[in-house]
Structure formats: C-alpha cells, structure tokens
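Chain by chain, the residues:
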Amino acid sequence: AEVRRDGKAHRQRYARGKPVSQVTVIGKAAGPGTRITFKADKEIFKSGIAYSYETVANRMREFAFLNKGLTVALKDERTDKAATFQFTGGIKEFVEHLNKGKNPLHGVIAFEDTREHVTVEIAMQYNDAFAEHLFSFANNINTVDGGTHLSGFKSALTRTINQYCKAKNLFKGDSLTIEGEDARAGLTAVVSVKIPQPQFEGQTKGKLNSDI
C-alpha cells in the first residue's frame with residue numbers, strides 16, 4: 001500500500017492480512033491518493049489464478065456508474081486490451097445501459113437525497129417486458145441478496161403506485177390493490193446507498209442489514 005498525504009508518500013507491505021514491513025517514507029508527494037499493488041497467493045487460490053478481463057471490466061464499468069464523474073482506466077498488459085469508463089449521469093446511465101436492446105416505456109426516473117449521513121440514489125425505468133431487473137448496492141458493493149435498502153424501495157414503490165391509483169380513482173372498488181410483483185413487472189432499477197459503518201450479512205457482503 002502506498003499512501004500520499006501531507007506532502008509525503010508512505011509505503012507498507014502486507015501478506016495474508018498482516019503487515020510485513022514498517023511504514024516508511026519513500027519520497028515527496030503532490031496531492032493525496034492511495035495505490036494498492038497486489039499479487040494473488042497461490043496457497044490461497046489453489047484452483048489456479050486466471051484473471052478475466054471481461055469480469056474486471058464489468059466491475060470497473062459498474063464502479064464508474066455508481067460514482068458519477070469518476071474516471072476508471074483499465075489495461076490488460078498481457079494483451080494490451082484497454083478501456084476507460086466515465087459516466088456523468090451515474091446510475092441513470094446505468095439503467096439506460098441495462099435496458100439497451102429493450103423497449104422502454106418512458107425516460108429514466110432518477111433521484112437522490114442525503115439525510116443523516118446516508119445518501120440514497122435510485123434510477124428506474126419500465127419496459128414492455130414482464131421480468132423485473134433490480135440491482136442494489138451499498139457503498140459500491142453489489143448486494144446480490146438485497147437487504148433493507150432494496151426491501152424499502154420495493155415497499156415504497158408498491159405503496160406509492162397504490163396511493164396514486166386510489167387518488168385518481170383508477171380502481172373499481174376500495175378493496176382493489178396492486179401487488180408488489182405486479183408493480184415491478186417490466187421494471188429495471190438500480191438502488192445505491194452510501195452509509196457509514198454498514199452492517200452486512202455473510203462473508204461475501206451479499207445482503208445489507210443496516211437500518212436505512
């Protein structure tokens with residue numbers, strides 16, 4: 001790890017989670033920043049080490065979508081294959097990317113807000129298909145098993161649609177309501193939250209347990 005701060009560049013080496021060198025000053029530095037250089041341990045990855053350019057590229061593209069304006073440069077020195085990702089529209093462009101090749105029914109709806117140190121970004125768009133495609137992230141981590149942020153979005157979406165339909169007298173009868181699965185049919189959405197000290201379930205951080 002190389003860390004630039006206070007006009008100096010510092011370096012420290014680690015192996016298997018433990019420091020193997022002292023923090024040393026290796027020179028002067030113009031501006032802050034951090035560089036991590038690593039080599040996979042064959043004793044841990046016993047099945048072999050083979051880096052997939054497409055897998056890394058997809059993750060870097062995803063990371064750029066989640067942090068609008070950030071530029072991510074990727075180069076595979078084995079083949080000289082390279083790509084640069086930058087999206088000023090953030091997750092709005094993410095949804096457009098996910099819906100490419102589909103027939104969207106309207107423009108992307110996107111909004112964000114910050115309250116009590118928690119930032120929430122949501123982008124959504126319906127298409128003429130029936131399947132739903134929901135993607136949730138917490139501090140840029142893909143929470144593939146969802147969690148409190150995704151559950152909150154689902155319930156709020158269903159509640160809002162029902163409230164709107166009742167206010168506009170679109171239902172025949174007071175007992176009629178739209179179920180959650182019906183409200184999400186054809187929906188593509190990205191829910192991204194950034195929270196201090198998030199609580200995840202499991203080692204892979206696939207589910208967010210923090211209260212939002």
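Scroll up for the structure.
Predicted model only: the values in this text are computed from it and were never measured. (Residues numbered from 1 in each chain as written. Predicted model: local features only at pLDDT ≥ 70, side-chain atom pairs only at ≥ 80, totals over all residues. Heavy atoms only, no water.)

A.B. asks: Would you explain the overall build of the protein in this entry?
C.D. replies: Check the secondary structure of the protein and you find four helices and 15 strands. On C-alpha atoms alone, the protein measures out to a radius of gyration of 22 Å, which is more than a quarter above the 17 Å that the 2.2 N^0.38 rule sets for 212 residues. Seen through its C-alpha atoms, the protein measures out along the principal axes to roughly 75 × 40 × 40 Å. Here the protein, with 212 residues, has 29% of them falling under the buried criterion. Sequence-distant contacts in the protein: of pairs separated by 6 or more residues, those separated by 24 or more amount to 53%. (Helix = DSSP H or I, 4+ residues; strand = E, 2+ residues; numbered from the N terminus. Rg over C-alpha atoms; globule rule 2.2 N^0.38 Å. Buried < 20%, exposed > 50% of the residue type's maximum accessible area, 1.4 Å probe, protein only. Contact = heavy atoms within 4.5 Å.)

A.B. asks: What is the right way to look at the environment of phenylalanine 171 in this model?
C.D. replies: On the secondary structure map, phenylalanine 171 appears in the loop between helix 3 (148-167) and helix 4 (180-183). The spacing of phenylalanine 171 and alanine 110 is 61 residues in sequence and 27 Å in space, taken between C-alpha atoms. If we ignore the near neighbours within four places in the chain, the residues touching phenylalanine 171 are Asn162, Cys165, Lys166, Leu176, Thr177 and Ile178.

A.B. asks: Sorry, what's going on with the pairing of strand 9 (residues 109-115) here?
C.D. replies: Walk down a regular strand and you will see the side chains alternate between the two sheet faces. Looking at chain direction, strand 9 and strand 10 (residues 118-126) are connected through seven bridges and run antiparallel. Within the sheet, the bridge partner assigned to threonine 114 lies in strand 10 and is threonine 119. Linking strand 9 back to strand 10 in an antiparallel pair, the connection comprises two residues, with glutamate 116 at a positive phi of about 50°. (Pairing = 2+ DSSP bridges.)

A.B. asks: Looking at this structure, I do not really get a nonpolar patch on the surface. What am I missing?
C.D. replies: Taken together, Ile36, Phe38, Ile44, Phe45, Ile49 and Tyr51 make up a surface patch of nonpolar side chains, about 670 Å² in accessible area. Relative to the helices and strands, tyrosine 51 resides in the loop between strand 6 (33-35) and helix 1 (53-66). (Patch = residues over 30% accessible without salt bridge, like charges linked within 9 Å, V, L, I, M, F, W, Y side chains within 5 Å. Areas by Shrake-Rupley, 256 points an atom, 1.4 Å probe, with all protein chains shown as cover. Salt bridge = Lys/Arg side-chain N within 4 Å of Asp/Glu carboxyl O.)

A.B. asks: When you look at the pairing of strand 13 (residues 187-194) in this model, what are you seeing that I'm missing?
C.D. replies: For strand 13, the tally of buried residues reaches seven of eight residues, placing the bulk of the element in the interior. Bridge count between strand 11 (residues 133-138) and strand 13: six bridges; the pairing is parallel. Residue serine 136 lies in a different strand from strand 13, and its bridge partner there is valine 191.

A.B. asks: Looking at this structure, I do not really get the sheet that holds strand 2 (residues 8-11). What am I missing?
C.D. replies: Strand order in the open sheet formed by four strands is 5-2-1-6, and the pairing between neighbours is antiparallel. Looking at which strands have only one partner, the edges of the open sheet turn out to be strand 5 (24-28) and strand 6. When the angles between neighbouring strand axes are averaged without regard to direction, this sheet yields 20°. Here strand 2 runs beside strand 5; their pairing, made up of four bridges, is antiparallel. Bridge pairing links arginine 11 to threonine 24 in strand 5. (Axes fitted to C-alpha atoms, helices over the stretch in contact; angles between N-to-C directions.)

A.B. asks: Can you walk me through unusual backbone geometry in this structure?
C.D. replies: Excluding glycine, most residues fall at negative phi; most peptide bonds, likewise, are trans. Within the chain, aspartate 6 stands out as a residue other than glycine whose phi angle is a positive 55°. Examined against the element boundaries, aspartate 6 turns out to sit in the loop between strand 1 (2-5) and strand 2. With phi around 55°, arginine 16 is a residue other than glycine that occupies positive phi space. Positionally, arginine 16 belongs in the loop between strand 3 (14-15) and strand 4 (18-19). Exposure remark for arginine 16: the relative accessible area of 55% places this residue in the exposed category.

A.B. asks: Would you mind going over the sheet that holds strand 12 (residues 141-142) with me for this structure?
C.D. replies: Hydrogen bonds along the backbone pair up the strands of a sheet, which may run parallel or antiparallel. Strand order in the open sheet made by the five strands is 9-10-13-11-12, with mixed pairing throughout. Edge positions in the sheet fall to strand 9 and strand 12, since each has one partner strand and no second.

A.B. asks: Even after reading the chapter, I still don't get the nonpolar core, so can you show me in this structure?
C.D. replies: If you look at soluble globular proteins, the nonpolar side chains tend to sit buried side by side. Counting residues in hydrophobic clusters, the biggest one holds 16 residues, and the most contacted among them are Ile91, Phe94 and Val190. Of all the secondary-structure elements, those providing two or more residues to this core are helix 1, strand 7 (72-76) and helix 2 (91-98). Per element, the largest residue contribution to this core is five residues, and it comes from helix 1. In this view, valine 190 contacts Ile91, Phe94, Val95, Leu98, Glu121, Ile122, Ala123, Phe135 and Phe137; residues no more than four positions away in its chain are not counted. Judged by nonpolar contacts, the second largest core, of ten residues, contains Met124, Leu150, Leu187 and Val191. (Core = buried A, V, L, I, M, F, W, Y, C linked by side-chain atoms within 4.5 Å.)

A.B. asks: Could you clarify how one ought to interpret the packing of aromatic side chains in this entry?
C.D. replies: Here the distance between the centres and the angle between the planes together describe a pair of aromatic rings. By the definition in use, this model includes three aromatic pairs. Aromatic side chains phenylalanine 94 and phenylalanine 137 sit 6.1 Å apart centroid to centroid with 45° between the ring planes, which places their arrangement in the tilted category. With phenylalanine 94 in helix 2 and phenylalanine 137 in strand 11, this pair connects stretches of sequence that are 43 residues apart. Of the two residues, phenylalanine 94 and phenylalanine 137, neither departs from the other in class, the shared state being buried. (Phe/Tyr/Trp six-rings, centres within 6.5 Å; stacked < 30°, edge-to-face > 60°.)

The values are spatial; any link to function lies outside them.
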